[in-house]
Every structure is written in structure tokens, then in C-alpha cells.
Amino acid sequence: MPPKGAPGKRSSAVQQPVEPPAGEKEEQDGDMDDFDMPVIIKVKPEDQMSWLTPEELEKEVPPRVLYPQNPRAPHNLTRFSYKERAFKRDDQVDQVVFHVSMDGNILLRDSPDEQDQNEIQQKKAEEAGDAGEDDAEEDAFDPPEDEKEMPLKNPLRNQFNFSDRAAQTKNALLRERGWSTEPPPTTGFSGTVTQWDIFDQYLVEIELAKEKEKDDKTKGKSNFDDEGDKKKSKDANTPIYSDNMKLSIKLMERMVNQNAEAEVYHDFKYWEDRSDEFRDGEGTLLPLWRFSSEKAKRKQVTCIKWNPKYNDLCAVGFGSYDFSRRGTGVICCYSLKNTRFPEYVFNTDAGVCCLDWHPHHPAVIAVGLYDGTVLVYDVRAKTKKPIYQSTVRTNKHTDPVWEVRWNTDESGGVLNFFSISSDGRVSNWLLMKNKLESEEVMELKLLSGGSSGGGEDDETSLAGLAGGLCFDFNRHSEHLFLVGTEEGRIHKCSKAFSGQYLETYEGHSMAVYTVRWNPFHPRIFLSASADWTVKMWDHQVKLPVMSFDLGQAIGDVAWAPYSSTTFAAITSDGPAAPTSGVVHIYDLSINRNERICEQKVVKRAKLTHVAFNHNEPILIVGDDRGGVNTLKLSPNLRVGVVRTEDSDPAITDEDLQVQKMEHLLEMVTETKEA
């Protein structure tokens, strides 16, 4: 019987001979009949919990289940889904954990891998046996019949047990082939690329694109136009298209125009205002023609110049003083022989600000534009493009060019002209063979305070340059020239000394628009300013000799070519009519205080520039509506040299003009002293 408290579930039956206890040994001796039967003894495990009751021991223990989950594995993995373009949770978590991992080479017996391994070893053994048999066959040989021919046995023992074998093989022939070629011709090129090079290249490409567009447009024209062009090209050599025919047509056009305006031409040649005899020195202006062109509509007259050789020809530049409306410019050359249409028309990319005819080559004209470019045109050329043009490479101006003037001194053998701009530079432009080169004549330095430009101790240069608006060269002293600036100062400069000013004249409080030397007297010059005054100066005196307050904004001023004491100025008609143009003419030998003529010449327009003709008694004025008005001076307005019986015939007219100005200066000086 099993002992108490030892249930069958937790006991283990072991069949083994065990020595019975002393009490039971006697009982066993009595039962000697069953000595051959095995004795079953229930052995209690040593780790049996003794404190458990039988009921607790019989109670089934709940099973413990091991789940294949890694407790350290993360449960909130998120991955980016490129399909849905968002982060999504990944529920598939890898629960496998490798504690020990080793690579072994032990194969399981009777496994497929072991069978493959045995097959490989058998193949290697068979191959080794075959190789041994072949070697044995090679070593076997027939023994010789004669004992003398038997090989002697090597008495020496081969300690290394090696055999020598030699074989002779045929070496392959190595052949080399090569080709020698001449390198292609190459040319080395190197250069420095700057910003202006890139800018110029862009401009060239833009021009090519524009020309290509024009070509495409011309190709798309109708066949009728093509046939007409072919017909013209065929008839180019016919007399109707020859140069002589063009000249004849131009003459015919002038004759028709003069016949249509015969009365105006008659007044221009022969009419004289007889009422001047009763006006006590005062005179009038007779309107003759008004030049206008369709291409110059809605543009302002910015400059006027008469041709030095052909008295009937004048060049007019059109641009804009309204800087918010910048556009293209036009140059029109008008002739008194044909007042309906301009003789020559040139278009510019920017507004024209100034121009000047060459004094010895009347077909060459220099032009300054608003964008700082200077151009040179030849009116005789068949093309309408300039023969010279400044670029960034040639150090062109960066601000508008307000005035250009040809250099009459051609001792260098090269045509050249001067220009002044708001960028503070006075430049000299040389017309070389293929390009336009520039030389800096002077930089207009700013002066502080009321100091003059006499020396470095008296002047203090400020940062930056003064903006130049106008300049003029002395006809008697070629090296002297005057410069008017935006600050209201007038500087006397010299071509030989570009470092400093010879003199500075401070009389204007605002910008100086015009400065002009007297055509007869070498010391006198005139200036017009935005402060509504016109002043006359002696360049040897810092203060103005005379001052004239016109009460309105002054557009321009010009000396008369026939008198040393006569000049003209243009203004508006006052606050009541600010858009009407008025011409004022002064003759200081007749009246030093009042103008001898004040006449309104245009309505609903402002006058911008004025110019006297060198030989004819006419005056032209330009307005801001693109019109040029021609006015004839009455006899009282064009009084030149008056010779009396006491006049010395040996004295020239120019000397008399100088004497007249000297007499005026003496009277003005005496008046000031008194």
C-alpha cells in the first residue's frame, strides 16, 4: 500500500531492492514464500511541499502557457506610405529573438546533405585511383636482355623523394600593331568676359531676333508686293529711279511749295514793318512758318541748331523733358526752301537732348541722347544709322548728355567734339577709323559753402560730382570754357588744367540752363537760370555785370549774331496763361532796363529753345508740342553796326561791336559807383 499523503500523481514507482526496516524484516521472514516478488515502495520527492494538504495536492495546477512574443518588441511602429502620402501604423511586429547563433559544419547522419557529401568524396577517390594507374603505366618498361644494359641502381638515397619532369612547349608569337595619326589642328583662345561684354552680346542677340521677325513678316507678304519689289529692282537702272530724277523731283516739290506759299516767302524776303519808325526803338516779330512732322508729334523740341554753311537748313532734336515719359527720339532737318516736310529724318533709341553741326564739315552732326549715348550722323549717307556711336566699352555717359560742341581746333588731325552730362563729366570724343574713343576732360567737383575755385585752400571738395547742364567755349581763347551746373554755380575751366576750376561764379540760386559767350567781346558771357533771371557776366569779375528778372521760368537764351548787345530769351506768358510762349528781345545799347520786344508767339504750348539765323533776319523757337516757329525780326530788332561820318573807315565792324559793348560796360560801372 502506498503511504499516506502520497497521491499517485506526484509519486514515482521505482522497482529496486530496498532493505526493509527492522520492524518489517521479521514479517518478511514469515512470508518467505513470496520472496521472488518485486517490492514497490513509494518514494516521496525531497522537494515535496509538506505543508500542503491532500486536497491541495490533488487539486490540478492551472497550466502555464508560453506565448511566442517578444516583450521588448515595439508595438507602435509607424512607416511612411508613399502611396497614401501619410504615416501609417505597422501592426506586423517581428517577435523572433536570436540569443545564440553559430554557423556549424556538422551534418546529420542519413540526411540528404550527408549523402551528397559521400558522393563527392567517392568521386574524388575514383579520380585519384585513375591518376595512380596512369602513372604506373608510364613507369613500367621492358627490362633489357643483357645484364650490362641494366641500369645501375642509385646507391644514394633520395631523401626528398621527388621526381623531375620537363616539358617543352611552343611559345605563341606575339605580334604588335600600331597606328600613328596626325592630331587635328587646334587654336588656343582665351579672353576676359565682363558684364558689359555680356550686356553687348545680349543686345546683339536681341537685334538679330528683331531682324529675324522683320524677315518673317516680309516673307509673309502677298505675292503682289513681291512682284512690285521685283519690278522696282528691275527698273532700278531706268532713268525714272536715278539720282538725277530724285533731284529733279525734289526741286519740283520745292517749287510747288513756294508757289503755294508765295505770300509768306514774299514777306520773308521783302516785307519790313514801317511802324518801327514811330516806336522809339521797339520792334515786333512777324510769324512766317511753323515746321511740324508726324514723326515728331507729342514730342518736345529739345535743341535747335542752324547749319554753319547752308543758311536755310536747321536741325531740330525731339525728345522729352518729362522724365516719367521717356521714349524714342527724332532728328528732323528742316529747310526754308521746303517748309512742308523735313529734308532728313533720323530716329534714335532714346530721346534727343542736344546736337551740333560741324563748323567745317556741314554734313556731319553730333547728337547727345537721354540715356548717355553720343552719336555722329552723316546726312549724305544712304542709311539712316549713325556712323559712330558710344557704348559702355568706350566709357559712355551714365546720365543724359545735355550739350555737345565740336572742337574747332583740328591740330591733332582727328575730328573730335566735347560733351557734358549730369554724371559730372566733360568728355572729349575722338572719331577714329572704326570706333569712337573718349577722353575725360574734367570732372565737375562739388564745392562747399561760398568758396570760389581759386585754389585748394579755398575750396573743399564734397563726395560725388556736380551735375553739368550746359557749357560753351570761348571763340577768342580756345582753351577757356564755361560750365553751368545744377547747383546754380558757373565754373570757368581750361582744357589744359583739368584738376581744378579757374574761377567759380555764384549769382544764381537754382540750376543754370544756358551759358553763352558773347560772339564779339572776349570777356562777356550770358547765363539763364531756373531762378527766372538772366545775368550778364565779365569773366574777370566774380559778380554779374547786369541782371534781368523776367518773372517767369526761362527756357533758353541766345545772343544775336549781328549785335554784341542784343540777345533773346523765351518764357511763358505769366500765371494767367502759363502754357503760352513769349519771346523777349533786349538791346542793351538802346535800353538797359527794359526789353525792346515782348511778344506771344504760341498758344497752349511752352517754348523750350530759341536760335538766331546767322545771315537772315529770322528767329526760330521750338515748343513742347513738337512745333518749330519761324519769326522775322522787324528793323528795330536787328540793328547792327551804325557808322557815322566820324567813324574811322579803318575800324572793322567787329571792332565797332566790341567798342559798343565796352561803352555799355563803362556806363554800367559808372552807374554802380554812383
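Residues numbered from 1 in each chain as written. Predicted model: local features only at pLDDT ≥ 70, side-chain atom pairs only at ≥ 80, totals over all residues. Heavy atoms only, no water.

1. Some words on the overall build of the protein chain
Check the secondary structure of the protein chain and you find eight helices and 34 strands. The buried share among the 674 residues of the protein chain stands at 36%. The contacts in the protein chain between residues at least 6 apart in sequence include a share of 48% that link residues at least 24 apart. Accessible surface computed for the protein chain: about 46200 Å², of which carbon and sulfur atoms make up 51%. (Helix = DSSP H or I, 4+ residues; strand = E, 2+ residues; numbered from the N terminus. Buried < 20%, exposed > 50% of the residue type's maximum accessible area, 1.4 Å probe, protein only. Contact = heavy atoms within 4.5 Å. Areas by Shrake-Rupley, 256 points an atom, 1.4 Å probe, with all protein chains shown as cover.)

2. Here's the deal with the packing of aromatic side chains
Scanning the model with the defined rule gives 20 aromatic pairs in all. Relative to Phe-525, the ring of Trp-517 has its centre 5.5 Å away and its plane inclined at 65°; by these criteria the two rings are edge-to-face. Given the relative accessible area of 0%, Phe-525 is considered buried. Three or more aromatic residues joined by ring pairs form one cluster here, namely Phe-418, Phe-471, Phe-473 and Phe-481. Positioned above the aromatic ring of Phe-346, the side-chain terminus of Lys-384 is 5.3 Å from the ring centre. (Phe/Tyr/Trp six-rings, centres within 6.5 Å; stacked < 30°, edge-to-face > 60°. Lys NZ or Arg CZ within 6 Å of the ring centre and 35° of its normal.)

3. Some points on the side chain of Thr-514
Within the secondary structure, Thr-514 is located in strand β24 (residues 512-517). A polar contact is formed between the side chain of Thr-514 and the side chain of Asp-556, at a distance of 3.1 Å. In contact with Thr-514, not counting residues within four places along its chain, are Cys-470, Leu-526, Ser-527, Ala-528, Gly-555, Asp-556 and Val-557. (Polar contact = N/O pair within 3.5 Å; in protein donor to acceptor, adjacent residues only side chain to side chain.)

4. A few points about the sheet that holds strand β28 (residues 554-559)
Strand order across the open sheet formed by four strands is β28-β29-β30-β31, with antiparallel pairing between neighbours. Each having just a single partner strand, β28 and β31 (597-602) make up the two edges of the open sheet. Neighbour-to-neighbour, the strand axes of the sheet open up by a mean angle of 20°, direction not taken into account. Sheet topology note: the strand β29 (residues 566-572)/strand β30 (residues 581-587) ladder contains seven bridges and is antiparallel. Paired with Phe-567 across the strands is Tyr-586, a residue of β30. (Pairing = 2+ DSSP bridges. Axes fitted to C-alpha atoms, helices over the stretch in contact; angles between N-to-C directions.)

5. Describing the environment of Val-414
Following the sequence through the fold, Val-414 ends up in the loop between β14 (401-406) and β15 (416-421). Separated by 16 residues in sequence, Val-414 and Leu-430 have C-alpha atoms that sit 6.6 Å apart. Other than its neighbours up to four places away in sequence, Val-414 contacts Leu-430, Leu-431 and Met-432.

6. What about the sheet that holds strand β26 (residues 533-538)?
Strands pair in a sheet through their backbones, by hydrogen bonds, and they do so in one of two ways: parallel or antiparallel. Taken in spatial order, the four strands of this open sheet run β24-β25-β26-β27, and their pairing is antiparallel. Here the strands that pair on one side only, and so sit at the sheet edges, are β24 and β27 (546-549). Taken over all neighbouring pairs, the strand axes of this sheet differ in orientation by 15° on average, direction set aside. The sheet contact formed by strand β25 (residues 524-529) and β26 spans five bridges and is antiparallel. Looking across to β26, one finds that Ile-524 is bridged to Asp-538.

7. Some points on the pattern of salt bridges
For the structure shown, the criterion picks out 23 salt bridges. Across the salt bridge formed by Arg-405 and Asp-472, the nearest N and O atoms sit 2.6 Å from each other. Remark: Asp-472 occurs in strand β20 (residues 468-473) and Arg-405 occurs in strand β14; sequence separation between them is 67 residues. By relative accessible area, Arg-405 is classed as buried at 13%. (Salt bridge = Lys/Arg side-chain N within 4 Å of Asp/Glu carboxyl O.)

8. Here's the deal with the pairing of strand β4 (residues 86-89)
Relative to β4, strand β3 (residues 78-81) runs antiparallel, the two being bridged by four bridges. Residue pairing in the sheet places Phe-80 in a bridge with Phe-87 of β4. Between β3 and β4, which pair antiparallel and follow one another directly, the connecting turn spans four residues, one of which, Arg-85, has a positive phi of 55°.

9. Looking at unusual backbone geometry
Phi at Asp-110 takes a positive value of approximately 60°, unusual for a residue other than glycine. Positive phi outside glycine occurs at Arg-298, with the angle close to 60°. Within the secondary structure, Arg-298 sits in the loop between β5 (285-291) and β6 (300-306). Under the relative-accessibility criterion, Arg-298 is labelled exposed at 78%.

10. Some remarks on a positive patch on the surface
A cluster of basic side chains, namely Lys-210, Lys-214, Lys-217 and Lys-385, defines a positive patch on the protein surface. With respect to the secondary-structure elements, Lys-214 resides in helix α4 (residues 195-219). Classification of Lys-214 by relative accessible area gives exposed; the value is 57%. (Patch = residues over 30% accessible without salt bridge, like charges linked within 9 Å, V, L, I, M, F, W, Y side chains within 5 Å. Lys, Arg positive; Asp, Glu negative; His and termini not counted. Charge placed at Lys NZ, Arg CZ, Asp CG, Glu CD.)

11. Thoughts on a nonpolar patch on the surface
Side chains of Val-193, Trp-196, Ile-198, Phe-199, Tyr-202, Leu-203, Ile-206 and Val-392 sit close together on the surface and give an oily, nonpolar patch of about 780 Å² of accessible area. Summarising the element assignment, Trp-196 is placed in helix α4.

12. Structural notes on the confidence of the model for the protein chain
In this model, the protein chain carries a mean pLDDT of 81, and residues with pLDDT of at least 70 account for 83%. Scored below 50 in pLDDT, residues 1-18 makes 17 contacts in the model with residues more than four places away or belonging to other chains. Here residues 450-461 scores under 50 on pLDDT; set against residues more than four positions off or in separate chains, the count is 23 contacts. (pLDDT = per-residue confidence, 0-100.)

13. Examining a negative patch on the surface
On the surface, a cluster of negative charge is contributed by Glu-207, Glu-211, Glu-213, Asp-215, Asp-216, Asp-349 and Asp-371. Relative to the helices and strands, Asp-371 is located in the loop between β11 (364-369) and β12 (374-378). Asp-371 gets classed as partly exposed once you look at its relative accessible area, which sits at 33%.

14. Description of the side chain of Asp-623
With respect to the helices, strands and loops of the structure, Asp-623 is situated in strand β33 (residues 618-623). Among the residues examined, Asp-623 registers a relative accessible area of 0% and is labelled buried. At a separation of 2.9 Å, a polar atom in the side chain of Asp-623 contacts the side chain of Arg-290. Each residue touching Asp-623, except ones within four places of it in the same chain, is listed here: Arg-290, Gln-300, Val-301, Val-602, Ala-605, Lys-606, Leu-607, Thr-608 and Asn-629.

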